[in-house]
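# Examining the three-dimensional arrangement
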Amino acid sequence: MTEFFKAVVDVDDAPIVICDVNHIIIYMNPTAIKRYAKRGGANLIGQSIFDCHNAHSKEIILSVFEKFLNDPNLNKVYTYTKNWDNEDSDAYIVALRAPTGTLIGYYEKHESRLHEKA
């Protein structure tokens, strides 16, 4: 079953960076590796997510992480919108939970909204 989950993440056009509860990057889909190539790409795997974020971003990540720990029903938090090549991308941090509800990690997910071209 794991190969199916990996296939779903790998085919996504949006960058997906998965971290464990120690804030270590454990997986990046191919889109994320390409998008973050200037920051290290695949070499970021095994590193702290904070190594490639500024202090303000670190604050946001830690705040959302704390909310996930304190509320087992909270699983997705909007963090910001960024424009990438004429496309708005809404960024979210999404909780990853074990079947028991225990937080086992999180990932950053971008949802794109293309600008009208008519």
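Calculation notes
Residues numbered from 1 in each chain as written. Predicted model: local features only at pLDDT ≥ 70, side-chain atom pairs only at ≥ 80, totals over all residues. Heavy atoms only, no water. Salt bridge = Lys/Arg side-chain N within 4 Å of Asp/Glu carboxyl O. Helix = DSSP H or I, 4+ residues; strand = E, 2+ residues; numbered from the N terminus. Buried < 20%, exposed > 50% of the residue type's maximum accessible area, 1.4 Å probe, protein only. Pairing = 2+ DSSP bridges. Phe/Tyr/Trp six-rings, centres within 6.5 Å; stacked < 30°, edge-to-face > 60°. Lys NZ or Arg CZ within 6 Å of the ring centre and 35° of its normal. Core = buried A, V, L, I, M, F, W, Y, C linked by side-chain atoms within 4.5 Å. Contact = heavy atoms within 4.5 Å. Expected span 1.5 Å × (residues − 1). Polar contact = N/O pair within 3.5 Å; in protein donor to acceptor, adjacent residues only side chain to side chain. Lys, Arg positive; Asp, Glu negative; His and termini not counted.

A word on the pattern of salt bridges. Inspection of the entire model under this criterion finds three salt bridges. Across the salt bridge formed by Asp 10 and Lys 6, the nearest N and O atoms sit 2.5 Å from each other. Highlighted residues: Asp 10 and Lys 6, both in helix 1 (residues 2-11), separated by four residues, approximately one helical turn. Looking at Lys 6, the relative accessible area reads 43%, which means it is partly exposed. For Glu 111, the salt bridge identified is with Lys 76, shortest N-O distance 2.8 Å. Taken as a pair, Glu 111 in strand 5 (residues 103-114) and Lys 76 in strand 3 (residues 76-83) lie far apart in primary sequence, 35 residues in all. A residue is classified by how much of its surface remains accessible, and Glu 111, at 31% relative accessible area, is partly exposed.

Buried residues dominate strand 4 (residues 87-97), accounting for eight of its eleven residues. Note: strand 3 against strand 4, seven bridges, orientation antiparallel. Of the residues in strand 4, the one forming a bridge with Lys 76 is Val 94.

What follows covers the packing of aromatic side chains. Here the structure, examined in full by the defined rule, presents two aromatic pairs. A centroid spacing of 5.7 Å and a plane angle of 70 degrees characterise the contact between Tyr 78 and Tyr 92, whose relative ring orientation is edge-to-face. With Tyr 78 in strand 3 and Tyr 92 in strand 4, this residue pair connects regions lying 14 residues apart in the sequence. Its relative accessible area of 44% is what places Tyr 78 among the partly exposed residues. The exposure class of Tyr 92 is buried, given its relative accessible area of 17%. Over the ring of Tyr 92 we find Lys 76, and its NZ or CZ is 4.4 Å from the ring centre.

Another point: the nonpolar core. Core analysis: the biggest nonpolar cluster contains 19 residues, and Val 17, Ile 25, Met 28, Ile 49, Phe 68 and Tyr 106 have the highest contact counts within it. Among the elements that line this core, the one with the most residues is helix 3 (residues 55-70), at four residues. In this structure, Phe 68 is in contact with Leu 74, Asn 75, Lys 76, Val 77, Ile 93, Val 94, Ala 95, Arg 97, Leu 103 and Tyr 106, ignoring residues within four places of it in sequence.

Further remarks concern helix 3. Taking 1.5 Å per residue as the helical rise, helix 3 with its 16 residues ought to reach 22 Å, and the 23 Å between its terminal C-alpha atoms agrees with that figure. The N-cap residue of helix 3 is Asn 54: its side-chain oxygen and the backbone nitrogen of His 56 are 3.1 Å apart.

Attention now goes to the side chain of Glu 108. Note that Glu 108 resides in strand 5. For the buried Glu 108, no salt bridge is present, and the opposite-charge side chain at shortest range is Arg 39, 7.3 Å distant. Of the polar contacts made by the side chain of Glu 108, one reaches the side chain of His 110; its length is 3.5 Å. If sequence neighbours within four positions are ignored, Glu 108 has contacts with Pro 15, Ile 16, Val 17, Tyr 36, Tyr 80 and Tyr 92.

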